[in-house]
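In case you want the letters, here they are:
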Amino acid sequence: MAVEKRNNYTDSTAILILKINQILLDYFGKPKRKLNSDPLDILIATILSQNTNDLNSHKAFLNLKNKFSDYEKIISTPLSKIEKEIKIAGLGKQKAKAIKSFLKNLKSEKGKLDLKFLERLGTIEALKYLSNFNGVGLKTAACVLLFGLKKNVCPVDTHVHRVLNRVGVVNTNSRDKTFYEIYKSLPDGIAHEFHTNLIKLGRTFCLSKNPRCFECPLKKMCKYEHKNLESTRAMKSKNNNNKDFLLLDVV
Ligand code: SF4
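Because the structure is predicted, anything quoted here is derived from the model rather than measured.

Peer 1: Explain the overall build of the protein here, please?
Peer 2: Counting its secondary structure elements, the protein contains 11 helices and zero strands. Each helix (α) and strand (β) of the protein, taken in turn from the N terminus, gives the series α-α-α-α-α-α-α-α-α-α-α. Taking 251 residues into account, the globule formula puts the C-alpha radius of gyration at 18 Å, and the protein, at 19 Å, falls close to it. Across its three principal axes, the protein shows a C-alpha extent of roughly 55 × 45 × 30 Å. Looking at the 251 residues of the protein, the share that counts as buried comes to 35%.

The structure is reproduced here in structure tokens:
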């Protein structure tokens with residue numbers, strides 16, 4: 001797929017992104033960012049995060065790191081032993097297989113377990129390289145680029161996809177299409193704060209069922225036709241600190 005970035009940020013999507021980004025910054029603040037993450041750690045943590053919450057995948061990641069301080073050891077370890085360490089994140093068999101297979105193939109192709117060479121590639125080239133490995137989808141590849149290599153890409157998970165479609169920034173039927181639509185227009189330097197605050201919005205207000213539009217900071221500009229503007233007692237005062245925990249900012 002040929003994906004070209006627009007060379008100025010005056011298109012309507014970019015303007016809308018900037019507006020939303022500012023509202024979210026005003027509401028949630030600028031997210032903290034870890035600047036020395038290893039891209040390979042990010043890739044493994046993102047595989048572990050599939051279909052589970054960030055707290056469980058973080059525990060699984062720490063278990064794996066404690067057991068295998070050197071990822072090379074994973075290559076020669078039976079799947080059942082890897083699975084045991086990451087069980088808490090669910091889908092242990094599938095994730096153990098994806099992690100082991102990725103490490104084995106990376107080692108045989110590059111001679112060492114290091115993804116820093118991706119810094120020298122263009123964004124689309126780096127995404128394509130990573131997505132060619134079994135078990136690595138576009139979202140995982142984009143997470144490596146954003147959190148591990150500090151590239152200006154916005155990974156699209158279920159929250160980001162839902163919010164951007166409801167608000168009216170994109171009109172797509174898949175997360176991958178949303179990613180490329182946003183990629184083309186994303187102004188420089190905002191990917192991390194935009195991605196992180198969209199996830200916070202999706203976890204706090206723009207829930208998949210019964211969104212809390214009545215108190216959402218984007219409610220004035222949002223185009224969603226089924227906005228829920230009526231609060232009920234039962235919907236009030238949900239305070240869950242786990243919503244603020246973002247795995248890839250602590251790996
Ligand atoms: S107004 Fe409602 S639908 Fe729109 S972004 Fe906010 S919570 Fe989501």
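Peer 1: Please clarify how the site of the ligand should be interpreted in this entry.
Peer 2: Surveying the vicinity of the ligand reveals 14 residues, the closest of which are Cys206, Cys213, Cys216, Cys222 and Tyr224. Residues that form the shell around the ligand fall into these classes: 10 nonpolar, no polar and four charged.

Peer 1: Is there a simple way to think about the domain arrangement of the protein in this case?
Peer 2: Interface size is commonly expressed as the accessible surface area that is lost when the partners come together. Here the domain parsing of the protein yields domain 1 (12-33 + 154-249) and domain 2 (39-149). Its C-alpha centre places domain 1 at a distance of 26 Å from the equivalent point of domain 2. The interface of domain 1 with domain 2 comprises 14 residues on the first partner and 14 residues on the second. When residues of the side of domain 1 that touches domain 2 are traced back to their parent elements, those giving at least two are α10 (175-185) and α11 (191-204). The residue inventory of the side of domain 1 that touches domain 2, partitioned by class, reads eight nonpolar, three polar and three charged.

Rules used throughout
- Residues numbered from 1 in each chain as written.
- Predicted model: local features only at pLDDT ≥ 70, side-chain atom pairs only at ≥ 80, totals over all residues.
- Helix = DSSP H or I, 4+ residues; strand = E, 2+ residues; numbered from the N terminus.
- Rg over C-alpha atoms; globule rule 2.2 N^0.38 Å.
- Buried ≥ 20, exposed ≤ 12 C-beta atoms within 10 Å, placed from the backbone.
- Near = placed C-beta within 6 Å.
- Nonpolar A, V, L, I, M, F, W, Y, C, P; charged D, E, K, R; others polar.
- Domains from an automatic or database assignment.
- Contact = placed C-beta atoms within 7 Å.

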